[in-house]
Amino acid sequence: PEAAARRFLADVREHAGLLLERGPGEYGFIHLTFEEYLAAVAIARRGQGDCRPIVDYLSARVGDAAWREVALLTVPYLGIIQQLEEVAGEVVEALIAEQPGEPGEAVVLAGQAVFDAGKGGVPLGSQQAVIAALVTTMQSAEVAPVLRREAGLLLGNLGWRPDDLDAFVEVPPGPFLYGEGDEQETREIKHRYWIAKYPVTNAQYARFIADGGYHRGKLWSDEGWVWHAGKQPGYWDEARFNNLLVPVVGVTQYEAAAYCAWLTERLEDVDLPGSSELPGRLIARLPTEEEWERAARGVDGRVYPWGDRFEINQANVWVDKAIGTTTICTYPQGVSPVGAWDMSGNVWEWTAPEAIFCGGSWDHDGRRARCAARYRLLPDYFGDYLGFRMVVSLVLS
């Protein structure tokens, strides 16, 4: 055995590149993942007929960055290598039930472990329990913004979709307070319209691309068709922005208008309560500046969709450092009076006919997330903080 051990050490040092000599008679792993994997194996083997020792060991280390990858390897090792998927399910369900560590940390850890384990590594019931816990974590004001974002991204990766992803909410006509400060005035919307409950997500925009939206000239304005040269928005292939449940970014006003024209062809599949009584043809389009502001702030001229005071747990805006886009249903605390989400923060949104965008974004502070904040750009501009949502109305003269 002693000779074999010496030969093993010589081989891994000289030929395999597995271990690194750190001193006389001391060796360490060159690649940390080998060490983490073997630690995960050791933890998994503690559960001989009882998952409790595994849960206790992992729970004591929730929030410790040095042990995160070990925990993420333990669950798939149980479910895939040992084929003890029921035990793997018990471990993640215990983590989400007991929630050791800071609020949301254990749930996000369990969600990532389930994603890493794949469909066969954890029972379906355990997957569903983790998804439900992730939804609660994502929407909780008690959870840190970075963990809320991670929970939402995991939901997108795990295939969860809100039932109302394609929903519209009605905005009734009537007077409302527009603008702010000395320039605030009463304006009136004289027509009924519906605004999308959420900004357009990557999942929705992918339908437009798959249906040939970039190859059908009739969907585009003359200027937009001359401009368009690509087959997808900017940042479409960047992992940081392409989760299916976050707003699509990198879209020009031309692309947003083309998407609206594409949706107009499919309005029979869109649920618009009360629209059947309207005479005339309905179209999907970008909102006007007035329509957007009326939907965001209600009739009373509030500063933000939720009121006059900014609160960090009510919108995805820049705080200590920029993070990125969040899942479109992350902030129930910031829903507008008509029921539209993310009208402050997450992404700026195009309006029409002028190339004006409103609403603030993840890359700007709370002051720019005011309902009255707006900027003007050229219609061919695109940025990683700029998206859109639609309205549906009768064709207006």
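Residues numbered from 1 in each chain as written. Predicted model: local features only at pLDDT ≥ 70, side-chain atom pairs only at ≥ 80, totals over all residues. Heavy atoms only, no water.

**A few points about the environment of Arg68**
So, step 1. With respect to the element layout, Arg68 can be found in helix H4 (residues 65–81).
So, step 2. By relative accessible area, which is 33% here, Arg68 ends up partly exposed.
So, step 3. The spatial distance from the C-alpha of Arg68 to the C-alpha of Cys329 is 27 Å, given a sequence separation of 261 residues.
So, step 4. Residues contacting Arg68, with those up to four places away along its chain left out, are Leu109, Gln112 and Glu150. (Helix = DSSP H or I, 4+ residues; strand = E, 2+ residues; numbered from the N terminus. Buried < 20%, exposed > 50% of the residue type's maximum accessible area, 1.4 Å probe, protein only. Contact = heavy atoms within 4.5 Å.)

**A closer look at the packing of aromatic side chains**
So, step 1. Taken as a whole and judged by the stated rule, the model has 28 aromatic pairs.
So, step 2. Judged by centre distance (5.9 Å) and plane angle (75°), the ring pair of Phe208 and Trp262 falls under edge-to-face. With Phe208 in helix H9 (residues 202–210) and Trp262 in helix H11 (residues 253–264), this pair connects stretches of sequence that are 54 residues apart. Each member of the pair Phe208 and Trp262 is classed as buried.
So, step 3. In this arrangement the basic side chain of Arg61 is found over the ring face of Trp67, its NZ or CZ atom lying 5.0 Å from the centre.
So, step 4. Note that Arg187 overlies the ring of Tyr178, its terminal NZ or CZ placed 3.8 Å from the centroid. (Phe/Tyr/Trp six-rings, centres within 6.5 Å; stacked < 30°, edge-to-face > 60°. Lys NZ or Arg CZ within 6 Å of the ring centre and 35° of its normal.)

**So, unusual backbone geometry**
So, step 1. Cis geometry marks the peptide bond from Ala352 to Pro353, where omega comes out at 5°.
So, step 2. Position of Pro353 relative to the elements: it lies in the loop between strand E8 (348–350) and strand E9 (356–358).
So, step 3. Of note in this structure, Gln99 is not a glycine but carries a positive phi near 45°.
So, step 4. Assignment of secondary structure puts Gln99 in the loop between helix H5 (85–98) and helix H6 (105–117).
So, step 5. On the basis of relative accessible area, Gln99 is assigned to the partly exposed category, the value being 35%.
So, step 6. In this structure, Asn346 is a non-glycine residue whose phi angle is positive, near 70°.
So, step 7. The topology assignment puts Asn346 in the loop between helix H12 (289–297) and E8.
So, step 8. Accessibility expressed as a relative area gives 0% for Asn346, which makes it buried.

**Describing the pattern of salt bridges**
So, step 1. Under the definition given, this model contains 22 salt bridges.
So, step 2. Between Glu170 and Arg192 there is a salt bridge, with the nearest N and O atoms lying 2.7 Å from each other. In this pair, Glu170 sits in strand E3 (residues 168–171) while Arg192 sits in the loop between strand E5 (185–189) and strand E6 (193–196), placing the two residues 22 residues apart along the sequence.
So, step 3. Taking relative accessible area as the criterion, Glu170 reaches 30% and is therefore assigned partly exposed.
So, step 4. Take Arg192: its relative accessible area is 22%, and that puts it in the partly exposed class.
So, step 5. Residue Glu293 pairs with Arg374 through a salt bridge whose shortest N-O separation is 2.4 Å. Remark: Arg374 occurs in strand E10 (residues 374–376) and Glu293 occurs in helix H12; sequence separation between them is 81 residues.
So, step 6. Taken together, the shared-partner salt bridges connect Asp211, Arg216, Lys218, Glu265 and Arg266 into one network. (Salt bridge = Lys/Arg side-chain N within 4 Å of Asp/Glu carboxyl O.)

**Considering helix H3 (residues 52–59)**
Note: α-helices contain 3.6 residues per turn, so residues at a spacing of three or four share the same orientation.
So, step 1. For H3, the complete set of buried residues consists of Ile54, Val55, Tyr57, Leu58 and Ser59.
So, step 2. Check the buried side of H3 and you find it contacts helix H2 (32–44), H4 and H5.

**Observations regarding the sheet that holds E10**
Two orientations exist for strands paired in a sheet by backbone hydrogen bonds: parallel and antiparallel.
So, step 1. In space, the four strands of this open sheet follow the order E10-E9-E8-E11, with mixed pairing throughout. The sheet is open, and its two edges are formed by E10 and strand E11 (386–387), each paired on a single side.
So, step 2. Where E9 lies against E10, three bridges are found, and the strand directions are antiparallel. Across the sheet, the residue bridging to Phe357 is Tyr375, located in E10. (Pairing = 2+ DSSP bridges.)

**Comments concerning helix H8 (residues 145–157)**
So, step 1. Over its 13 residues, H8 runs 19 Å from end to end, which matches the ideal 18 Å to within 8%, given 1.5 Å per residue.
So, step 2. Among the residues making up H8, those that are buried are Leu147, Arg148, Arg149, Ala151, Gly152, Leu153, Leu154, Leu155 and Gly156.
So, step 3. The inward-facing, buried residues of H8 abut H6 and helix H7 (124–139).
So, step 4. Just beyond H8, the residue with positive phi is Gly159, at close to 90°. (Expected span 1.5 Å × (residues − 1).)

**A word on the side chain of Glu255**
So, step 1. Here Glu255 lies in helix H11.
So, step 2. Here Thr252 takes part through its backbone nitrogen, which lies 2.8 Å from a polar atom of the side chain of Glu255.
So, step 3. Setting aside its immediate chain neighbours within four residues, Glu255 contacts Tyr205, Tyr214, Trp220, Trp227, Gln232, Pro233 and Gly250. (Polar contact = N/O pair within 3.5 Å; in protein donor to acceptor, adjacent residues only side chain to side chain.)

**Comments concerning the pairing of E5**
So, step 1. The pairing of strand E4 (residues 174–178) with E5 spans five bridges and is antiparallel. Across the sheet, Pro175 pairs through a bridge with Glu188, a residue of E5.
So, step 2. Counting the residues between successive antiparallel strands, the hairpin from E4 to E5 contains six residues, one of them, Gly179, with a positive phi of roughly 80°.

**Points about the packing of H6 against H8**
When two helices pack together, their arrangement is captured by the angle between the axes and the distance separating the axes.
So, step 1. Interhelical geometry of H6 versus H8 gives an angle of 25° and a closest axis separation of 10 Å. Between H6 and H8, the interaxial angle falls into the category roughly parallel. In this structure, the crossing between H6 and H8 has a hand that is left-handed. Contacts from Glu105, Val108, Gly111, Gln112 and Phe115 in H6 reach Leu147, Glu150, Ala151, Leu154 and Asn157 in H8.
So, step 2. In terms of residue class, the contact of H6 with H8 is made up of five nonpolar, three polar and two charged. (Axes fitted to C-alpha atoms, helices over the stretch in contact; angles between N-to-C directions. Parallel < 35°, antiparallel > 145°, perpendicular 65-115°, else oblique. Left-handed = near helix turned anticlockwise from the far one by under 90°. Nonpolar A, V, L, I, M, F, W, Y, C, P; charged D, E, K, R; others polar.)

Structural measurements only, silent on function.
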